[in-house]
Structure formats: structure tokens, C-alpha cells
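Close look at the chain arrangement
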Amino acid sequence: MKRVIIIVLLSAMCGFATAQNAYSRFYDAVLEGDSAGMANAIGEIRASGDQSAERYIAEYNYYVNNARLYSGMVTSTEYPGEDENVVGDIMYLINDSTDEVAGYMYFVENWDNEVADSGLAAIDKGLSLYPYRIDMHFGKLHFLRQLHRWPAYVDAIHATLDYAAKHRNTLTYPETETPIDTIIVDGILDYEHSLFEAIQDSPDSVTALGRITLLRSIAEHMLRIYPKDVYSMNIMAITYQLVEDRRNALKWLLEAEKVAPKDAIVLNNIADTYHMLSDYKNERKYLEKVIKYGDEEAVERAQRYIEELNNNNK
């Protein structure tokens, strides 16, 4: 049975009794991996004339589930190419006799791009009618992430943030009482983390630099909406660390400290940056702050680094 993707599983409370039954049958078919059942149910939903948000979510899920051509483990003597849609870590196969890499094992997801485009068109149609549905925005981002379409992914993030900045009071995310700003900040942080992983997996420095620029643009956009968002300040610092611009990285980390002076992650990142700048006096100062405010793991790490500084007389 194919793995399924459902961005929102709702009861579809629309004004069409036939459509309601079709929604139930559709999602049952999705969970069962029943392609024919999905197709029949989607046909009924379309024929009903329903124009609810749930109709477009269902269509989106229909295409997403039909777009996956293959998912599974691959073993190869060649390092995977950028177009292989590797999911997760790449495992190295070591040749016991020579201790050299003999091959690679990794999980891939391959997609039918034409069908995938139909899914994106369906969610875009839904968003044109219901732009305040943050769950639908996030559903689109989820799929673009799976497709590794990073420029389009970042464009969609910017479109989501543009709308959110202008219409914050009208935004909704069904079936949750979590404040909408928390949903946006936490959600975008997750999408930034995925792009950071894509930077680490970049096949060359040019591609990596392009993705770093994309990541920085998201953090900058977030800070225009949430100017005291420590997460975004930290992301800004990371984008400069990735290109070894320690001074600008430090600038953003010190800004983050002003907002969250007891945040152990920020303090630890400041200490690390001072270490890379060979400023061991300030490194020690911030390691001591980590010991004061950090959890057990952070404290142990900071104590170990202070011990190294003592051993090196720094």
C-alpha cells in the first residue's frame, strides 16, 4: 500500500449531502490506498458543484497521492544526484577490506511532475477563494518541500507571509486553539529548517549559496512581521555562519540576546562564534552564561569547552 499524504482531514460540512458522503468515501479510499475509490469520490465531489475549501483540499490530496511514482530504499555505487529526491540521511557503505566507500544507501521519493502540478493548481485555486486558510498555505508548502522545488517553495513562503502580514486578524487554522502567530512562527521555522538541510545536501557551492540567499530572505521577511522573533535572528546568524561571515553572524546573535538574554541556544551560538573569531575571553564569558541558564546537556557542553580553554591557557 502506498503511503498517503493528507494535509487536512475534515468532515467537510458543506451544503451538499451527496458531497458529504463522497468526502467520507474519498478519505476512506485514501487511507486504504484505493485509487479507483479516490477517483470515483472526487468525480462525485466535482459533479456536486461544491466550491468549499474542503473540495480543493480533497482534490489536492487526490493528485498528491497519485503523483508519487516510487518511494523506497536505493543502493547505488554513485552518489545520488540532485534530481533523485532523497529523503533523510544518505548512508555510506564501507568496503571492509579497503575501508573505502563502496556505495550509498538512501530513501527516495519520485514524482510524476505533471500530476504534481495538477495538485498544486488545485490548492492554488482553493487559496484564491480561501486565502485566509493557513492550513492550505502550509499544505502547499509541504508538497513543494517533498518535490524539492526550493525556489517555488520559498516564493510560496513569501506569499504566505505577505498575506499574513496584511490580514492577520482574518487568518484561520481549523480545529486548533493555538494562537495564529504561534502557528505561523513555528510553521515557518520548520520550513526554514528543511531549507537548511537542503543547503547541507547541496551538490555544489553555487547551489548552496543560492539556497543560503533564499533562507536569509525568509528570515528577513519574518523579521519585518515579527521584529523580535529570536528564531529568525538566529536563522539570520546561521546564514552568515554558512558563508563564514562571523562578524555579521555575531551581530544578529547579539541582537537576539537583547530580546532573550537567558536563551541558552543563543548564548551558546555567541560563544561558538567568538571561538571562531579567536576571541577566547568573550567565548568564556558566554560559556559561563550558558552554565547559568542552560539545561543539563548545555551546561555539560559549556563546562567541557571551558576546560579546553583552561588547558590551552586561553
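Note that the coordinates shown come from a computational prediction; the quantities given were computed from them, not determined experimentally.

Some words on the overall build of the protein
- Within the protein, the regular secondary structure consists of 13 helices and three strands.
- Sorting the 314 residues of the protein into buried and exposed places 46% on the buried side.
- Sequence separation of at least 24 residues holds for 60% of the intrachain contacts in the protein that already meet a minimum separation of 6.
- Of the roughly 16,300 Å² that the protein leaves accessible, carbon and sulfur atoms contribute 50%.
- Here the protein contributes 30 positive and 49 negative side-chain charges, whose respective centroids are spaced 8 Å apart.

Considering the environment of Tyr293
- Relative to the elements of secondary structure, Tyr293 occurs in helix α12 (residues 280-293).
- Note: C-alpha distance between Tyr293 and Lys281 (twelve residues apart in sequence) is 19 Å.
- Those residues within four positions of Tyr293 in sequence are excluded, and the remaining contacts are Pro261, Lys262, Ala264 and Leu267.
- Within the structure, Tyr293 has its side chain in polar contact with the side chain of Lys292 (distance 3.5 Å).

Considerations on helix α10 (residues 246-259)
- Here α10 contains 14 residues, and its C-alpha end-to-end distance of 20 Å stays within 8% of the 20 Å for a straight helix at 1.5 Å per residue.
- Listed as buried for α10 are Arg246, Ala249, Leu250, Trp252, Leu253, Ala256 and Glu257. Burial along α10 is one-sided: seen end-on, the buried residues are contained in an arc of 165°. Along α10, exposed side chains directed more than 90 degrees from the buried face belong to Arg247 and Lys258.

Quick notes on the pattern of salt bridges
- Counted by the stated rule, this structure contains twelve salt bridges.
- Salt-bridge contacts for Arg55 lead to Glu59; the nearest nitrogen and oxygen are separated by 2.8 Å. With Arg55 and Glu59 both in helix α3 (residues 53-67) and four residues apart, this pair spans about one turn of that helix. For the pair shown, Arg55 and Glu59 are each scored as buried.
- Between Lys140 and Asp124 there is a salt bridge; the shortest N-O distance is 2.7 Å.

Topic: a negative patch on the surface
- There is a patch of like negative charges on the surface, built from Asp295, Glu296, Glu297 and Glu300.
- Of note, Asp295 is situated in the loop between α12 and α13 (296-311).

Digging into the confidence of the model for the protein
- Summarising the model, the protein shows a mean pLDDT of 88, and 90% of its residues fall at 70 or more.
- In this model residues 1-18 is a low-confidence stretch, pLDDT under 50, and it forms 53 contacts with partners more than four residues away in sequence or in other chains.

What to know about the environment of Lys262
- Following the sequence through the fold, Lys262 ends up in the loop between α10 and α11 (264-276).
- Note on Lys262: relative accessible area 55%, which makes it exposed.
- Lys262 sits 28 residues away from Val290 along the chain, and the two C-alpha atoms are 8.2 Å apart.
- Once you skip the residues sitting within four places of it in the chain, Lys262 turns out to touch Leu267 and Tyr293.

Focus on the nonpolar core
- Counting residues in each nonpolar core, the largest one holds 83 residues, and the members touching the most others are Phe26, Phe143, Tyr153, Ile157, Ile184, Ile188 and Leu195.
- When residues in this core are grouped by element, the largest group, nine residues, is from helix α7 (residues 180-200).
- Each residue touching Phe26, except ones within four places of it in the same chain, is listed here: Met38, Ala41, Ile42, Ala58, Asn61 and Tyr62.
- One finds Val86, Ile90, Tyr104 and Tyr106 within the second-largest nonpolar core, a separate group that totals five residues.

Looking at the packing of aromatic side chains
- Evaluation of the coordinates by the stated rule reveals ten aromatic pairs.
- Ring centres 6.0 Å apart and planes at 90° place the aromatic pair Tyr60 and Phe143 in the edge-to-face group. One end of the pair, Tyr60, is in helix α3; the other, Phe143, is in helix α5 (residues 134-147), with 83 residues separating them in the sequence.
- Exposure remark for Tyr60: the relative accessible area of 0% places this residue in the buried category.
- A centroid spacing of 6.0 Å and a plane angle of 80° characterise the contact between Tyr153 and Tyr191, whose relative ring orientation is edge-to-face. One end of the pair, Tyr153, is in helix α6 (residues 150-166); the other, Tyr191, is in helix α7, and 38 residues separate them in sequence. By the burial criterion, Tyr153 is buried, and Tyr191 matches it.
- Here the aromatic cluster, defined as three or more aromatic residues joined through ring pairs, consists of Phe138, Trp150, Tyr153, Tyr173 and Tyr191.
- One cation-aromatic arrangement involves Arg216 over Tyr240; the distance from NZ or CZ to the ring centre is 3.8 Å.

Cut-off values and rules
- Starting afresh in each chain, residues are numbered from 1 along the sequence in its written order.
- pLDDT decides what is reported in this predicted model: residues at 70 or higher carry local features, side-chain atom pairs at 80 or more are listed and counted, and totals for whole chains, interfaces and linings draw on all residues regardless.
- The side-chain values count all of the structure's non-hydrogen atoms but skip hydrogen atoms and water molecules.
- Numbered from the N terminus, helices here are DSSP runs of H or I no shorter than four residues, and strands are runs of E no shorter than two.
- For every residue, the accessible area (1.4 Å probe, protein chains only) is compared with the maximum for its type, and the residue is labelled buried under 20%, exposed over 50%, or partly exposed between those bounds.
- Two residues qualify as a contact provided that any one of their heavy atoms is within 4.5 Å of a heavy atom in the partner residue.
- Per-residue and other accessible areas follow the Shrake-Rupley method at a 1.4 Å probe size, with only the shown protein chains counted as cover for residues.
- Two residue types count as positive, namely Lys and Arg, and two as negative, namely Asp and Glu; His and chain ends fall outside the count.
- All charge positions are set by atom: Lys at NZ, Arg at CZ, Asp at CG, Glu at CD.
- Pairing of N or O atoms within 3.5 Å defines a polar contact, subject to two protein rules: one partner must be a possible hydrogen donor and the other a possible acceptor, and residues neighboring in sequence count only if both atoms are side-chain atoms.
- How far a helix is expected to stretch is found by multiplying one less than its residue total by 1.5 Å.
- Taken from the helix axis, the directions to the C-beta atoms give the arc we talk about.
- The term salt bridge refers to a pairing of a side-chain nitrogen on Lys or Arg with a carboxyl oxygen on Asp or Glu at a separation within 4 Å.
- Here the term patch refers to residues with relative accessible area over 30% and no salt bridge, with like charges joined within 9 Å and nonpolar side chains (Val, Leu, Ile, Met, Phe, Trp, Tyr) within 5 Å.
- A residue's pLDDT is simply how confident the predictor is in it, with values from 0 to 100.
- Residues belong to a common nonpolar core when they are buried Ala, Val, Leu, Ile, Met, Phe, Trp, Tyr or Cys residues joined through side-chain atoms within 4.5 Å.
- Two rings from Phe, Tyr or Trp (for Trp, the six-membered ring) form a pair when their centres sit within 6.5 Å of each other. Planes less than 30 degrees apart are called stacked, planes more than 60 degrees apart edge-to-face, and all others tilted.
- The criterion for a charge sitting over a ring is simple: Lys NZ or Arg CZ within 6 Å of the ring centre, and within 35 degrees of the ring normal.

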